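Letter by letter, the chains look like this.
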Amino acid sequence: EVRSTRKQQYTDPQKHHVVCHIRRGDVQPNRNKDRYFTNQYYIDILTKVLDVHPGATTTIHTYGKWNEPTQPFIEMGCKFVHIFGGNNWEHTSRAWIDMVFCDTLITSKSAFSYVPALFNNNTVIHTSAGEHRHSREWQACDHWLTPDQV
């Protein structure tokens, strides 16, 4: 009951809400290549999800400088929310609340989105599956999908 009340405070129950965490800033194509996914990777996943849920609201939580253009996401109707580091917990908690209560969560290779994914009871598309050294342990829940399963 508490969970359902909290969800209604943060999401529109009439719409399907998609949240995507795209890690940038400390993860760039020229360093940390094992954690970097191209924009096209996320666009392909989002396209599949939005084909199933037309009219869904889509929020992208991100941090740092992007080496690729954000325009394709904006054209898809995505809203960007920038997570600021340091002691600004308001942005962090807002991102986690969105990730916990959304209808579909697309994670990045990051503990930042993995932790709230554990509390999300809906669809989680876990990008780390199969490609991270902890992927077996990180495929934690039955309702988690790999991008190939979308």
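Residues numbered from 1 in each chain as written. Predicted model: local features only at pLDDT ≥ 70, side-chain atom pairs only at ≥ 80, totals over all residues. Heavy atoms only, no water.

1. A few points about the overall build of the protein chain
Step number 1: Counting its regular elements, the protein chain contains six helices and six strands.
Step number 2: In the protein chain, the succession of α and β elements from N to C terminus is α-β-α-β-α-β-α-β-α-β-α-β.
Step number 3: Taken over 150 residues, the protein chain has a buried fraction of 44%.
Step number 4: The long-range share in the protein chain, meaning contacts at least 24 apart out of those at least 6 apart in sequence, stands at 51%.
Step number 5: When the accessible surface of the protein chain is summed, it comes to about 8300 Å², and 51% of that surface belongs to carbon and sulfur atoms. (Helix = DSSP H or I, 4+ residues; strand = E, 2+ residues; numbered from the N terminus. Buried < 20%, exposed > 50% of the residue type's maximum accessible area, 1.4 Å probe, protein only. Contact = heavy atoms within 4.5 Å. Areas by Shrake-Rupley, 256 points an atom, 1.4 Å probe, with all protein chains shown as cover.)

2. Quick look at the confidence of the model for the protein chain
Do not read the predicted coordinates in detail wherever pLDDT is low.
Step number 1: On average, residues of the protein chain carry a pLDDT of 79, and 73% of them reach 70 or more.
Step number 2: Note that pLDDT drops below 50 for residues 129-136; the model gives that stretch eight contacts with residues more than four away or on any other chain. (pLDDT = per-residue confidence, 0-100.)

3. Brief notes about the side chain of Arg-23
Step number 1: Mapped onto the fold, Arg-23 is located in strand 1 (residues 17-23).
Step number 2: Polar side-chain contacts of Arg-23 include one of 3.2 Å to the backbone oxygen of Lys-109.
Step number 3: Discounting chain neighbours no more than four positions away, the residues touching Arg-23 are Arg-35, Ser-108, Lys-109 and Ser-110. (Polar contact = N/O pair within 3.5 Å; in protein donor to acceptor, adjacent residues only side chain to side chain.)

4. Looking at the packing of aromatic side chains
Step number 1: Under the definition given, this model contains seven aromatic pairs.
Step number 2: On the numbers, 4.1 Å between centres and 15° between planes, the contact of Phe-37 with Tyr-41 is stacked.
Step number 3: For the pair Trp-66 and Phe-80, a centre-to-centre distance of 5.5 Å together with 75° between the ring planes defines the contact as edge-to-face. Of this pair, Trp-66 sits in the loop between strand 2 (57-63) and helix 3 (71-75) while Phe-80 sits in strand 3 (residues 79-82), placing them 14 residues apart in sequence. (Phe/Tyr/Trp six-rings, centres within 6.5 Å; stacked < 30°, edge-to-face > 60°.)

5. Some thoughts on the nonpolar core
When a protein is soluble and globular, its nonpolar side chains tend to lie buried together.
Step number 1: Ranked by internal contacts, the top residues of the largest apolar core, which has 17 residues, are Ile-22, Tyr-42, Phe-73 and Ile-106.
Step number 2: Contributions of two or more residues to this core are made by strand 1 and helix 2 (39-52).
Step number 3: It is helix 2 that contributes the most residues to this core, six residues altogether.
Step number 4: Leaving out residues up to four positions away in the same chain, Phe-73 has contacts with Ile-22, Asn-39, Tyr-42, Ile-43, Leu-46, Ile-60, Trp-66, Cys-78 and Phe-80.
Step number 5: With nine residues, the next largest nonpolar core counts Ile-83, Ala-95, Cys-102 and Phe-112 among its residues. (Core = buried A, V, L, I, M, F, W, Y, C linked by side-chain atoms within 4.5 Å.)

6. Considering the pattern of salt bridges
Step number 1: Evaluation of the coordinates by the stated rule reveals two salt bridges.
Step number 2: Of the charged contacts, one joins Arg-24 and Glu-68 as a salt bridge, the two residues approaching to 3.7 Å between their closest N and O atoms. One end of the pair, Arg-24, is in the loop between strand 1 and helix 2; the other, Glu-68, is in the loop between strand 2 and helix 3, and 44 residues separate them in sequence.
Step number 3: The residue Arg-94 makes a salt bridge to Asp-98 at a minimum N-O spacing of 2.7 Å. Residue Arg-94 and its partner Asp-98 are located together in helix 4 (residues 89-101), separated by four residues, close to a single helical turn.
Step number 4: Residue Asp-98 is classed as buried on the basis of its relative accessible area of 9%. (Salt bridge = Lys/Arg side-chain N within 4 Å of Asp/Glu carboxyl O.)

7. Focus on the side chain of Thr-59
Step number 1: Mapped onto the secondary structure, Thr-59 falls in strand 2.
Step number 2: Under the relative-accessibility criterion, Thr-59 is labelled buried at 4%.
Step number 3: Engagement of the side chain of Thr-59 in a polar contact is seen with the side chain of His-17, the distance being 3.5 Å.
Step number 4: Contact partners of Thr-59, with chain neighbours within four places excluded, come to His-17, Val-18, Val-19, Cys-20, Lys-79, Val-81 and Asp-98.

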